[in-house]
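Analysis of the macromolecular model
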Amino acid sequence: MTMKLPIPGILILTFLCATTLGAQVTPDTLLPVMPYEQAKDYEIGGVTVVGAQYSDPQALIAIAGFRVGDKMRIPGPGITKAVQALWNLRLFTDVQVNKVRTQGDVIFLEIVVKELPRYTRHSFKGVKKNKHDDLNGVVNKFLQKGAILTDNVKASVRYGLEEYFIKKGNLDAKATIKVLPDERSTNAVKLEFVIDPGKRVKIKDIRFTGNENVKARVLRKKMKETSRKKKLFKKSKLVRADYETDKHAIEAYYNTVGFRDARIVKDSIWRTKKGEVMIEMVVNEGDRYYFRNIIWKGNTIYETKFLDQVLGIKKGDVYNQELLSTRLQFSQDGRDISSLYLDNGYLFFRVDPVETSIDNDSIDLELRIYEGPQATIDRVVIKGNDRTHEHVIRRELYTRPGDKFSRSDIIRSQREIVNLGYFNPEALGINTPVNPDRGTVDIEYTVEERPSDQLELSAGYQPRTAFTRGGVIGTLGVTFNNFSLRNIKNKEAWNPLPQGDGQRFSIRGQTSGQNFQSYNASFTEPWLGGKRPNSLTVAGFYNRYAYGFEGSSTYQRLDILQGTVGFGTRLKWPDDNFIFRADVDIQTLRLNNWSGFRDDQNRLVTQGIYHNYNVGLTLARNSINDPIFPKTGSLVSLKVQATPPYSWFRDNKFYESGDVQNIYKYVEYVKWRLDAEWYTTLVGKLVLKSSAKIGILDQWSSKTGLSPFERFELGGDGLNNQTFGLNGRDIISLRGYEVSDIMAPFPGGAGVFNKYTVELRYPISLNPSSTIFVTAFAQGGNAWQSAKDFNPFDLRRSAGLGLRVFLPMFGTLGFDYGFGFDKPALIGRTRKWTDYAKFNIVLGFEPD
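Residues numbered from 1 in each chain as written. Predicted model: local features only at pLDDT ≥ 70, side-chain atom pairs only at ≥ 80, totals over all residues. Heavy atoms only, no water.

Quick notes on the packing of aromatic side chains
Selection rule: Ring pairs shown here join Phe, Tyr and Trp side chains whose ring centres sit within 6.5 Å, with only the six-membered ring taken for Trp; geometry is labelled stacked below 30 degrees between planes, edge-to-face above 60, and tilted in between. Exposure classes here rest on a 1.4 Å probe applied to the protein chains alone. A residue is buried below 20% of its type maximum, exposed above 50%, and partly exposed in between. Definition used: whenever NZ (Lys) or CZ (Arg) falls within 6 Å of the ring centre and also within 35 degrees of the ring normal, the charge is taken to sit over that ring.
The final tally for this structure, using the stated rule, is 23 aromatic pairs. Ring geometry for Tyr-422 and Phe-423: centres 6.1 Å apart, planes at 70°, overall edge-to-face. You can call Phe-423 buried: its relative accessible area is 3%. Three or more aromatic residues joined by ring pairs make a cluster, and in this case those are Tyr-302, Phe-306, Tyr-341, Tyr-346 and Phe-349. Above the ring of Tyr-319, the side-chain terminus of Arg-260 is found at 5.8 Å from the ring centroid. The positively charged end of Arg-735 is found above the aromatic ring belonging to Phe-777, 3.9 Å away from the centroid.

Structure representation (structure tokens):
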């Protein structure tokens, strides 16, 4: 008995051979058959499956409806239904049901199937290899290894591949699929995708009709994703989804200028003879509307007059739905009605604007307020801190159990958590589950730890010269930003050192043998006593620099030993963004034939021991939102650093001697530093950084003149490790200039400097394991001998590009390529552009 269904809707049932139940096999057939007129009821004695390589035989028998022991009339409809059920699976190209043998009234059947070929692998032709990963992702959406290859699947894959290129502007992209036998497997096929991406089709023009009140160029600017090919720095392409979004953006803009009924009623897209895209939109602007009467209802906490002031919308203003929503619900600057109530505990507050009347071009509004009860914070929960101890996070929060709910306190708490530097700012989550019956709210902060410790490890080789021995220069330094001193005796807390209490411990050493050595260590406790944000810092360093060979007449050596104790606290007035810090420095300098220091009378200070005992006072305000890549906020600090006024207690004869070793034995000066940085998000992720730095070295009296120590040095990359901190100077970078370009007139250092910077920053990656951003900057700065020579408008200008990579383990790395436009050595000469350029490297930290 044979049942075969090669195509849907056609059933061929064949019983080969003879005329009785004991039919014989003819020479032309393999199995005996029976004609329909001899149909008989049989008991199914067994069923086998042949040809099922990927399918489960028992499942096929069940789907066919065959069960051992059942009665079935053969020939009859049971066989037809079995074949149809298997064919409906769409897994086979052929299905047969054969009679194997009969034993009396018992029949044994065989299901024979021929499975569709299975997909095993694919390849691409016509596209570059750098596209293969993306295209593999497209294919894998529709095809998995071992899947059945149907016409529908092939059509979906082809459409997906073409759509991938169409979204990139290649509107004529075509994909074809070649199905080839896979010689590596049985009954398997491999696919070859032949792709012709075609050229990117640009938009020649975007036209508007019906726009009587808004110019076409203004409407084109609102189309962020769909632009003409004339627009610089932006690809011109047509992507349908983005185009629809841009159409809505045009309508939204019309709504902001009073045309609340404006609609794009028709748009046309066609191709020119050159294949470029033309777009034309027909706009129905409608009438322009204005605000008329605005009435408040339901407000008992705040007076209507005060709410009107916060809303800032007056009768006669152009109707702007976006502005209205912003002033009611959420404004970036905090000027909105919602902030008033939410910052005062009214978590259940709601305001609904209702248009009560539309009279010609005027709209009356009724702002219906539901104030509700004040909500109290019940629990404050911190999750995800598997390394940082909870009290370190909790002490930074402005939301505490029992306090009234305040949205601004939550925003401030979020900023303080990010500024700790221990957590991924992109993964910080805040949830506020509410209990309306009790009038309480829980606040849940979910953090994700990220590495915060830093390692500095480097080695280099300094060749031997006539004045130096040469040899290996090695640097090893570690900074633990989340250290725990109290767990230092707890062996289980070492990983590799005890951590989690928010303390900072660093140690660093650098040496090149006898020529140069530098060692420093510091420890900071940010919450001394654990109850208030009072910080204590203890630090010390020793630096030695030698030039020439010891014992020779040209030998020079400088040693500096310094210890520092600092105390800082967070202020409550004018606001709690202010920080005050006091430092006491005790520094000793030992000079042996050193030629790097001069006073303002050009006298060299080369020999002797000098003591620099000073107190530094710093007042700063910090409101930046992220220490790694700030997007908003500012950082402003004013510091005065001064020694005791020894000259007040000495007569003029002491200074008339001219003995510089005695005059400057106890260093005397007053030093001012003003540093300011502002961060503003311009659009999207693009951030503008503006900064200004000014330094002034002054004196307590005219008897001494300016100190030869604590001068300023401007220029270069600010990272000269062998002079940093050694020559008693503040080193300030100025991209595009060498130190000699600025400091040549001041061999002993400058008494005054200023520096201004405008910098555009754009992040490539904000991943906490590697934050990467590019910069474009313009700078101006200069240095002068003293304050009387200071001219803030006499600047050495530069501009350029840069890259920064922040790695938690190594700090900030990067480079700058700057062009200095006012180099003195190039004035009056024939110059090439390379004469202006200077390449700077950033290692470990951002230069001053």
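From this point on, the discussion continues.
Some details on the sheet that holds strand β11 (residues 263-271)
Rule in force here: A pair of strands counts as paired when DSSP detects no fewer than two bridges linking them. The way it works is that DSSP assigns letters per residue, a run of H or I at least four long becomes a helix, a run of E at least two long becomes a strand, and they are numbered from the N terminus. To obtain each axis, a line is fitted to C-alpha atoms, and for helices this fit is confined to the stretch in contact; angles are then taken between N-to-C directions over 0 to 180 degrees. Contacts are residue-level and defined by heavy atoms, with any inter-residue pair within 4.5 Å sufficient.
Reading across from one edge, β10-β12-β11 is the order of the three strands in this open sheet, with mixed pairing throughout. Each edge of the open sheet is held by one strand with a lone partner, namely β10 (203-209) and β11. Taking the axes of each pair of neighbouring strands and ignoring which way they run, one obtains an average angle of 15° across the sheet. Sitting on the sheet, helix α6 (residues 240-256) touches β10, β11 and β12 (277-284), and the angle it makes with β11 is about 145°.

Observations concerning the nonpolar core
To be explicit about the condition: The nonpolar core is taken to be a set of buried Ala, Val, Leu, Ile, Met, Phe, Trp, Tyr and Cys residues, with the residues joined through side-chain atoms within 4.5 Å.
In this structure, Leu-591, Phe-597, Val-605, Tyr-610, Phe-709, Leu-714 and Ala-783 are the most contacted members of the largest nonpolar core, which totals 31 residues. Breaking this core down by element, the ones donating at least two residues are β24 (534-547), β25 (556-570), β26 (578-598), β27 (604-622), α13 (660-663), β31 (712-714) and α14 (739-743). Per-element accounting of this core gives the leading share, four residues, to β26.

Focus: the packing of helix α1 (residues 57-64) against helix α2 (residues 77-87)
For clarity, the cut-off: In these notes the angle categories are as follows: under 35 degrees is roughly parallel, over 145 is roughly antiparallel, 65 to 115 is roughly perpendicular, and the rest is oblique. Any residue that is not Ala, Val, Leu, Ile, Met, Phe, Trp, Tyr, Cys, Pro, Asp, Glu, Lys or Arg is counted as polar, Gly included; the first ten are nonpolar and the last four charged.
Taken N-terminus to C-terminus, the directions of α1 and α2 make an angle of 130°; their axes are 8 Å apart at the nearest point. Our classification of the angle between α1 and α2 gives oblique. Facing Leu-60, Ile-63 and Ala-64 of α1, the residues of α2 in contact are Ala-82, Ala-85 and Leu-86. Looking at the contact of α1 with α2 residue by residue, the class counts come to six nonpolar, no polar and no charged.

Details of the environment of Tyr-666
With respect to the secondary-structure elements, Tyr-666 resides in the loop between α13 and β29 (670-683). Overall, Tyr-666 belongs to the partly exposed group, its relative accessible area being 29%. On a C-alpha basis, the gap between Tyr-666 and Tyr-610 in space is 5.9 Å, while along the polypeptide they are 56 residues apart. Sequence-distant contacts of Tyr-666, defined by excluding residues within four places in its chain, comprise His-611, Tyr-613, Tyr-646 and Arg-650.

Quick look at a nonpolar patch on the surface
Stated precisely, the cut-off is as follows: Grouping into patches uses exposed residues only, defined as over 30% relative accessible area, and leaves out salt-bridged ones; the cut-off is 9 Å for like charges and 5 Å for nonpolar side chains (Val, Leu, Ile, Met, Phe, Trp, Tyr). Surface accessibility follows the Shrake-Rupley procedure with a 1.4 Å probe radius. Residue values consider only the protein chains on display as shielding. The term salt bridge refers to a pairing of a side-chain nitrogen on Lys or Arg with a carboxyl oxygen on Asp or Glu at a separation within 4 Å.
A cluster of nonpolar side chains, contributed by Phe-580, Val-584, Ile-586, Val-615, Leu-617 and Leu-619, occupies part of the molecular surface with about 470 Å² of accessible area. Secondary structure elements with two or more residues in the nonpolar patch: β26 and β27. Mapped onto the secondary structure, Ile-586 falls in strand β26.

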